[in-house]
Amino acid sequence: QVQLVESGGGLVQPGGSLRLSCAASGSIFSIDVMGWYRQAPGKQRDLVATISSGGSTNYADSVKGRFTISRTNSKSTVYLQMNSLKPEDTAVYYCKAIRATPWGQYDYWGQGTQVTVSR
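Scope of this entry: the structure provided in the associated data block. As the structure is a prediction and not an experimental result, all values here were calculated from the model.

Digging into empty space enclosed by the protein
Logical step 1: A complete count under the given rule lists 1 cavity of 30 Å³ or more for this structure.
Logical step 2: Of the volumes computed, that of the largest cavity is approximately 70 Å³.
Logical step 3: Taken together, Ile 28, Ile 31, Asp 32, Val 33, Met 34, Ile 51, Ser 52, Ser 53, Arg 71, Lys 75 and Val 78 form the lining of the largest cavity.
Logical step 4: When residues of the lining of the largest cavity are traced back to their parent elements, those giving at least two are β4 (33–39) and β5 (46–52).

In C-alpha cells, the structure reads:
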C-alpha cells in the first residue's frame, strides 16, 4: 500500500508561483511512476506531469515551460513547481503513484489540494 498526502495549494495572482508537495509513505520502494493531475469544476481529471523511477519526466502541453516536476532522492516526496500561473490553471491538484506488478497496475491517489489563480 502507498499513502499520499499533498500540500502547498492556495490562492495566487496570475503570473505568480506555487510549489506543491506530495509526501509518499508505505511501500514507496515499489512505486514506478509518480505524477500530478488536476481537475477543474465540471471537467475531467487531466494529467499535468509525471516522473518515472528513472527520472524521466512528461508534461502536458499546457504546462510545458512553466511547471517542473521533481522528487527527492529517496523518492518519498514529489514536487510540482508552478510558475507563470494562469487563471486556467485553477483546479484541484491530485498526486498519483503507480505500481506496475506482474499481476497488474495499482494506482494510488492523494486527497487533492486546491489551487486558485485569481486577482
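Topic: the sheet that holds strand β7 (residues 67–71)
Logical step 1: With antiparallel pairing, 4 strands are arranged side by side in an open sheet as β1-β3-β8-β7. Strands with a single pairing partner mark the edges of an open sheet, and in this sheet they are β1 (2–7) and β7. In this sheet, adjacent strand axes meet at a mean angle of 15 degrees when their direction is disregarded.
Logical step 2: Relative to strand β8 (residues 77–82), β7 is paired through 5 bridges, and the arrangement is antiparallel. Along β8, the bridge assignment pairs Arg 71 with Val 78.

With respect to the pairing of β5
Logical step 1: The sheet contact formed by β4 and β5 spans 6 bridges and is antiparallel. Looking at the pairing, Tyr 37 lines up with Leu 47 of β5.
Logical step 2: Direction of pairing for β5 relative to strand β6 (residues 57–59): antiparallel, over a ladder of 3 bridges. Opposite Ala 49, over in β6, you have Tyr 59 as the bridge partner.
Logical step 3: Between the end of β5 and the start of β6, which pair antiparallel, lie 4 residues, with Gly 55 showing a positive phi angle near 95 degrees.

Thoughts on the nonpolar core
Logical step 1: Leu 4, Met 34, Trp 36, Leu 80, Met 82 and Tyr 93 are the most contacted members of the largest nonpolar core, which totals 29 residues.
Logical step 2: Elements supplying a minimum of two residues to this core: β1, β3 (18–26), β4, β5, β7, β8, β9 (91–101) and β11 (113–117).
Logical step 3: Discounting chain neighbours no more than four positions away, the residues touching Tyr 93 are Glu 6, Leu 20, Trp 36, Tyr 37, Arg 38, Val 48, Phe 67, Leu 80, Met 82, Gly 112, Thr 113 and Val 115.

Focus: the packing of aromatic side chains
Logical step 1: Taken as a whole and assessed by the stated rule, the structure comprises 2 aromatic pairs.
Logical step 2: Ring plane angle 85 degrees and centroid distance 6.4 Å describe the contact between Tyr 94 and Trp 109, whose orientation is recorded as edge-to-face. In this pair, Tyr 94 is assigned in strand β9 and Trp 109 in strand β10 (residues 104–109), connecting sequence segments 15 residues apart.
Logical step 3: Overall, Tyr 94 belongs to the buried group, its relative accessible area being 14%.
Logical step 4: Each residue in the set Tyr 37, Tyr 94 and Trp 109 is aromatic and connected to the rest through ring pairs, giving one cluster.
Logical step 5: Here Arg 45 stacks its cationic end above the ring of Tyr 94, 3.6 Å away from the centre of that ring.
Logical step 6: Between the NZ or CZ atom of Arg 99 and the centre of the ring of Tyr 106, over which it lies, the distance is 5.5 Å.

Cut-offs used in this document
Residues numbered from 1 in each chain as written. Predicted model: local features only at pLDDT ≥ 70, side-chain atom pairs only at ≥ 80, totals over all residues. Heavy atoms only, no water. 1 Å grid on protein atoms, 1.4 Å probe; cavity = no way out; pocket = protein on both sides within 12 Å on 5 of 7 lines; lining within 4 Å. Points joined across faces, edges and corners; volume = space filled by probe spheres on them. Helix = DSSP H or I, 4+ residues; strand = E, 2+ residues; numbered from the N terminus. Pairing = 2+ DSSP bridges. Axes fitted to C-alpha atoms, helices over the stretch in contact; angles between N-to-C directions. Core = buried A, V, L, I, M, F, W, Y, C linked by side-chain atoms within 4.5 Å. Buried < 20%, exposed > 50% of the residue type's maximum accessible area, 1.4 Å probe, protein only. Contact = heavy atoms within 4.5 Å. Phe/Tyr/Trp six-rings, centres within 6.5 Å; stacked < 30°, edge-to-face > 60°. Lys NZ or Arg CZ within 6 Å of the ring centre and 35° of its normal.

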